[in-house]
Amino acid sequence: MDDPDLAGDRWASDVVLSDGSTIHVRPIRPDDGDGLVDFHERQSRESIYFRFFSPRPHLSDKDVHHLTNVDGIDRMAFVAERDDELLGVARYDRYGNRPVAEVAFFTDDRYNGRGIATVLLEYLAAHAREVGIARFEAQVLPSNRRMVRVFQQAGFEASSEFADGIIEVSFAIEPSESAVEAMAERAQRAERQAVVRLLEPRAVAVIGAGRDPSGIGHRVLRNLLAEPFGGSVHPVHPEAAAIAGVKAAPAVRDLPEEVDLAVICVPAAEVAKVVEECGRARIAAVVIISAGFAETGADGEAAQAEVVATARRFGVRVLGPNCLGVINTDPAIRLHATFAEISPIPGRVGLLSQSGTMGAVILERARRVGLGISSFVAVGNKADLSGNDLLLYWLDDERTDVVLLYLESFGNPRRFGRNVRRVAATKPVFAVRSGAALEMDTAGWLDDDTIDALLRQTGVVRVPTIAALLDAALVASHQPVPTGTRIAVIGNSGGSASMAADACIDAGLELAEFSPETVSATRTLRLHGRPGPNPVDLRYDATADQYAEVLAPVLVDPEVDVVLVVHAPYDTDDRGHIEAVLDRAAAEHPETTIVACIYGPHPPVTAGGVPVFDFPDEAAHAIGRYVRYASWRAGQELGEVLAVDDPDRVRAVVAATLDRPQPTTISPETARAVLAAAGLAPVPVWVLRDLDDLSGVDVAGPVAVKADHHRPGATTRELGVALDLHDADDRAEAAQEIAEAMGDHAFPMIVQPMVAAGTDVRIAIETHPIVGPVVRVGPGGGAGRFADAPRRVLPLTDLAASELVAESGVAEMLDGPATLHLVDLVRRLTAVVDAAPEIVELTCDPVIVRPDAADVVEVRITIAPVQADTSPPVRRLETSD
């Protein structure tokens, strides 16, 4: 290893521990001697004995020099620190020239059980692999159970022997699948625990809580007391003896007990100092309500960076700044740490809002429509904790069944996509995003369609309005996940039933085709004159018993997935009876999704959990969005991502052409060679650098002659294209005319065989610097320049590819076999880009699609060097949103 990077720039990073706090990990330095001595002398005699196998209350100068001086190859050590205080040390020492090293750990007794040793082992193992070490060995006293657990929890397949009173442990450090999974699982648990600090504190301090009832800090304190919070609350004020009847502490250091969460409501200029005071008081997390940071410009950004750096120094996690706060309705916690005068109904819905104002609006509306909230977080500026962390919390939160997101921007879409996909695999996620706040990020375009593609592929159902968000949540939080798209509509008003049926179709549902048994069972109750039995149109004065008589066969019909009841009460007493029928039906058929619309006064949800809407279209679209989620979730179990058979071959062809630092469009021959390396066979070409090259073209049958830079969709020689040329004279004449018409832009010119007619399609893949590769499919040729082609974000499953083709518009012109050929080609092209990330653009236009094939007629590829990620494969605190 030529550059062991002992300065630590590459290997230094912040890491989240198992308790959600952070430490800083870096290589040891020679100037760590004093810190190492202090660390050693703080530890118990037992811990020292476990580390050195002998009593050693003090380190000698020789010990300190040996422990702090490493070469980064045969000897390496990492330290974990917080506020310049060492909390752990781990090192390896190679055995001679062998690829084996002895490993040892020593962690602070005060921080046992927080995963410091495991983190340091990950760093040591990753570093050792880079310098040719393949195996670690360790000697452990049998009573040192903590160190034995470190090896077990790390996921490495260790073997051990007992000899001479010592356990000798040995394990390969190449990351096995179990080790990688264990590291990812530890990281997820740690990130989730950071949110636990926010939402499940035992004691809360409000810093900046003044006497003025209109002040933000005072309002936060009042809300905490009003719920009331399940733990203890402590206002902090330099002068007041008590606030809102609660004894106040003059400073953070004077708090009467250990506090888990601090809510900071002081001027922006004082926040960094307050965060430092919280860190010194070992407060785990802070919610910074204060504004005046990154949202205000460059000076605010600098102030925010100072706050985050201070928090990192002490291991404190930060929500905000410039945020509304957090709410947890758990009866055992009852945390209302916001200044909003809203008291949510306890329920099963988790809510994240990037806007405090909109978060308050959603909470207020949710209360009005009867939607219960499990927890609420307004993330503000997302300087540290973000929506990604909240998603991991809700993933395992037993009190949350549905997740709602109000989004305004994306900072780390890939991390968001990874986390939200895991949540959506078991819990519905609905999101509304402000179209007016679409950002053009500095790294490139991030338009609304791309974001929509990202959301859809990760299982998030995007809705257009706040009302639609809450409607979908109302259904999803009370009803089972629909098993399909087939809906039965039952009502006592022809107009309402027709409106409901139309709305269902508009929402992507399909009217169920009843079984003969259902048709027969409902015949005597239905009004006649309708073309079919669904919707089931009852008399205007239909009784609750008649609804029950219809629901009985409909709910057992295997052709029915969802039932929508639309009732216009004939008598004011009807409502209660109908609700009772709906509740009995839901209880007897818990696997079927049941939703109702009842005109006039009604509860938002019946006692038995059937959502009730004001109008049929609201109900239909809420069901449709829930069904869309159900379809995605069912498809996740079936979708597969295609990979090329020999990715190294593809990368080799691309690498041979990478000779410039900037994006470069490669030659037509090389572009086809890239596809050929992936097993694709585009229509062959002969490339002409000048007119004399025509003599080397040897192809039978009609050909096309084109300028490689011809206008898309061109079919005339003046625009660079000549088609259906049958002999050498025709080719020469066409090439000459193209050269005269286009001048310097005529070459390179290509000659290729004509292919059988079909449908022209354009497939384009472009790499977004943040989201990654995005594929679009639409009409080919000139029309493709103006078509609003749908898109998907890679990786692309077979199901996503089929959906993309179905939405492209070209599928309407293709039969079944042709569609399958197109879907297969889309998947294979995306696999090419997956195999070679240096491909930043790949466009095939036109692709001629027929029942027997999908021929790639023209392909253009742009490549660019990929900036290598030199970060070691270790756990580190990822950037926020």
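Structure: above.
Cut-off values and rules
- Residues numbered from 1 in each chain as written.
- Predicted model: local features only at pLDDT ≥ 70, side-chain atom pairs only at ≥ 80, totals over all residues.
- Heavy atoms only, no water.
- Helix = DSSP H or I, 4+ residues; strand = E, 2+ residues; numbered from the N terminus.
- Buried < 20%, exposed > 50% of the residue type's maximum accessible area, 1.4 Å probe, protein only.
- Contact = heavy atoms within 4.5 Å.
- Areas by Shrake-Rupley, 256 points an atom, 1.4 Å probe, with all protein chains shown as cover.
- Lys, Arg positive; Asp, Glu negative; His and termini not counted.
- Charge placed at Lys NZ, Arg CZ, Asp CG, Glu CD.
- 1 Å grid on protein atoms, 1.4 Å probe; cavity = no way out; pocket = protein on both sides within 12 Å on 5 of 7 lines; lining within 4 Å.
- Points joined across faces, edges and corners; volume = space filled by probe spheres on them.
- Nonpolar A, V, L, I, M, F, W, Y, C, P; charged D, E, K, R; others polar.
- Salt bridge = Lys/Arg side-chain N within 4 Å of Asp/Glu carboxyl O.
- Polar contact = N/O pair within 3.5 Å; in protein donor to acceptor, adjacent residues only side chain to side chain.
- Pairing = 2+ DSSP bridges.
- Axes fitted to C-alpha atoms, helices over the stretch in contact; angles between N-to-C directions.
- Phe/Tyr/Trp six-rings, centres within 6.5 Å; stacked < 30°, edge-to-face > 60°.
- Parallel < 35°, antiparallel > 145°, perpendicular 65-115°, else oblique.
- Left-handed = near helix turned anticlockwise from the far one by under 90°.

### Thoughts on the overall build of the protein chain
So, point 1. The secondary structure content of the protein chain amounts to 24 helices and 39 strands.
So, point 2. Considering only C-alpha atoms, the protein chain reaches an extent of 95 × 90 × 60 Å along its principal axes.
So, point 3. A total of 881 residues make up the protein chain; the buried ones form 55% of that total.
So, point 4. Contacts spanning at least 24 positions in sequence make up 71% of the contacts within the protein chain whose residues lie at least 6 apart.
So, point 5. Carbon and sulfur atoms make up 50% of the accessible area of the protein chain, which totals about 36,900 Å².
So, point 6. If the 82 positive side-chain charges of the protein chain are averaged to one point and the 130 negative ones to another, these points end up 6 Å apart.

### Here we look at empty space enclosed by the protein
So, point 1. Under the criterion given, the structure shown has 3 cavities of 30 Å³ or more.
So, point 2. The volume enclosed by the largest cavity comes to roughly 120 Å³.
So, point 3. Surrounding the largest cavity, 13 residues form its lining, Leu36, Arg51, Leu67, Val89 and Phe106 being those nearest its centre.
So, point 4. Put simply, the parts of the chain that give the lining of the largest cavity at least two residues each are α1 (33-42), α2 (45-52), β4 (85-94) and β5 (100-107).
So, point 5. Here the lining of the largest cavity is built from residues that sort into 10 nonpolar, 1 polar and 2 charged.

### Brief notes about the layout of surface pockets
So, point 1. Taken as a whole, the largest pocket holds about 1,000 Å³ of empty space.
So, point 2. In terms of lining residues, the largest pocket is bounded by 29 residues, among which Arg415, Arg418, Asp869, Arg876 and Glu878 are the most central.
So, point 3. For the lining of the largest pocket, the secondary structure elements donating two or more residues are α6 (177-199) and α12 (413-424).
So, point 4. Tallied by class, the residues present in the lining of the largest pocket amount to 14 nonpolar, 6 polar and 9 charged.
So, point 5. Computed from the structure, the second largest pocket encloses a volume of approximately 880 Å³.
So, point 6. Around the second largest pocket, the lining is made up of 40 residues, and of these Phe105, Phe106, Ala117, Met147 and Val150 lie nearest the centre.
So, point 7. Secondary-structure elements contributing two or more residues to the lining of the second largest pocket are α2, α3 (61-68), β4, β5, α4 (116-130), α5 (145-154) and α6.
So, point 8. Looking at the lining of the second largest pocket, its residues break down into 16 nonpolar, 11 polar and 13 charged.

### Quick word on the environment of Val856
So, point 1. When you line up the elements, Val856 lands in strand β38 (residues 853-856).
So, point 2. Residue classification places Val856 among the buried positions, given a relative accessible area of 5%.
So, point 3. Ignoring anything within four residues of it in the chain, the contact list for Val856 reads Leu675, Pro682, Val683, Leu825, Cys844, Pro846 and Val847.

### Let's talk about the side chain of Arg575
So, point 1. With respect to the helices and strands, the residue Arg575 is situated in helix α18 (residues 574-588).
So, point 2. No salt bridge is formed by the buried Arg575; its nearest oppositely charged neighbour, Glu579, is found at 6.6 Å.
So, point 3. Looking at Arg575, its side chain comes within polar contact range of the main-chain oxygen of Pro601, at 3.2 Å.
So, point 4. Setting aside its immediate chain neighbours within four residues, Arg575 contacts Pro569, Ile598, Tyr599, Gly600 and Pro601.

### Regarding the sheet that holds strand β9 (residues 203-207)
Pairing between the strands of a sheet is mediated by backbone hydrogen bonds and can be parallel or antiparallel.
So, point 1. With parallel pairing, the 5 strands of this open sheet are ordered in space as β10-β9-β13-β14-β15. Of all strands in the sheet, those bounded by a partner on one side alone are β10 (232-236) and β15 (317-319). Within the sheet, the average angular offset between the axes of one strand and its neighbour, ignoring direction, is 20°.
So, point 2. Contacting β9, β10 and β13 (261-264), helix α7 (residues 216-226) crosses the sheet at an angle of about 160° to β9.

### With respect to the sheet that holds strand β21 (residues 429-433)
So, point 1. Read across the sheet, 7 strands follow the order β17-β16-β19-β18-β20-β21-β22 without closing on themselves; strand pairing throughout is mixed. Both edges of this open sheet fall to β17 (335-338) and β22 (460-462), since each of them pairs with a single strand only. Strand-to-strand twist across the sheet, computed as the mean angle between neighbouring axes with direction ignored, equals 20°.
So, point 2. Taken together, the 5 bridges between strand β20 (residues 402-407) and β21 define a ladder with parallel strand orientation.

### A word on the pairing of strand β34 (residues 759-768)
So, point 1. Both β34 and strand β37 (residues 839-850) contribute to a ladder of 7 bridges, which runs antiparallel. Within the sheet, the bridge partner assigned to Ala764 lies in β37 and is Thr843.
So, point 2. Two elements, β34 and strand β35 (residues 772-779), share 8 bridges in a ladder whose sense is antiparallel. Residue pairing for β35: Ile763 is matched across the bridge by Val777.
So, point 3. Once β34 ends, the chain turns through 3 residues before running back antiparallel as β35.

### A look at the packing of aromatic side chains
So, point 1. Going through the model one piece at a time under the given rule, you end up with 7 aromatic pairs.
So, point 2. Plain terms: the ring middles of Trp11 and Phe78 are 5.8 Å apart, the flat faces sit at 55° to each other, and that makes the pair tilted. Taken together, the residues Trp11 in the segment before β1 (13-16) and Phe78 in strand β3 (residues 75-82) connect sequence positions 67 residues apart. Each member of the pair Trp11 and Phe78 is classed as buried.
So, point 3. Ring centres 5.2 Å apart and planes at 75° place the aromatic pair Tyr540 and Tyr570 in the edge-to-face group. A residue pair is termed long-range when its members are at least 10 positions apart, and Tyr540 in the loop between β25 (536-537) and α17 (544-556) and Tyr570 in the loop between β26 (562-567) and α18 qualify at 30 residues.
So, point 4. For Tyr540, a relative accessible area of 48% gives the class partly exposed.
So, point 5. Members of the aromatic cluster, connected to one another through ring pairs, are Trp11, Phe78 and Tyr123.

### Topic: the side chain of Glu858
So, point 1. Mapped onto the secondary structure, Glu858 falls in the loop between β38 and β39 (859-863).
So, point 2. In this structure Glu858 comes out as buried when scored by relative accessible area, which is 14%.
So, point 3. Here Lys706 takes part through its side chain, which lies 2.8 Å from a polar atom of the side chain of Glu858.
So, point 4. A distance of 2.8 Å separates polar atoms of two side chains, one belonging to Glu858 and the other to His710.

### With respect to the packing of helix α23 (residues 798-807) against helix α24 (residues 816-835)
So, point 1. Where α23 contacts α24, the two axes come as close as 9 Å, and the packing angle between them is 120°. The angle between the axes of α23 and α24 places the two elements in the oblique class. Seen along the crossing, α23 lies across α24 with a hand that is right-handed. Residue-level inspection shows Asp798, Ala801, Ser802, Leu804 and Val805 of α23 in contact with α24, the latter providing Thr819, Leu822, Val823, Val826 and Arg827.
So, point 2. In terms of residue class, the contact of α23 with α24 is built from 6 nonpolar, 2 polar and 2 charged.

### Let's talk about unusual backbone geometry
So, point 1. Following Glu227, the chain continues into Pro228 via a peptide bond in cis, with omega recorded as -10°.
So, point 2. You can see Pro228 is positioned in the loop between α7 and β10.
So, point 3. A cis amide bond, omega -5°, links Gly320 with the succeeding residue Pro321.
So, point 4. Turning to its location among the elements, Pro321 is positioned in the loop between β15 and β16 (325-328).

### Regarding helix α13 (residues 448-457)
So, point 1. Inspection of α13 places Thr450, Ile451, Ala453, Leu454, Leu455 and Gln457 among the buried residues, and these make up the whole buried set.
So, point 2. At the exit of α13 stands Gly459, carrying a positive phi of roughly 90°.

### A few points about the pattern of salt bridges
So, point 1. Within this structure, the stated rule accounts for 46 salt bridges.
So, point 2. We note a salt bridge from Arg368 to Glu364, for which the minimum N-O separation is 3.1 Å. Here Arg368 pairs with Glu364, and both are found in helix α10 (residues 356-368), just 4 residues apart, close to one helical turn.
So, point 3. By relative accessible area, Arg368 is classed as exposed at 59%.
So, point 4. Here Asp852 and Arg850 are joined by a salt bridge, their closest N and O atoms 3.0 Å apart.
So, point 5. Owing to a relative accessible area of 53%, Asp852 belongs among the exposed residues under this scheme.
So, point 6. Residue Arg850 is classed as buried on the basis of its relative accessible area, which comes to 10%.
So, point 7. Taken together, the shared-partner salt bridges in this structure form one network comprising Asp14, Arg312, Arg317 and Asp384.

So yeah, pure geometry; function would need other evidence.
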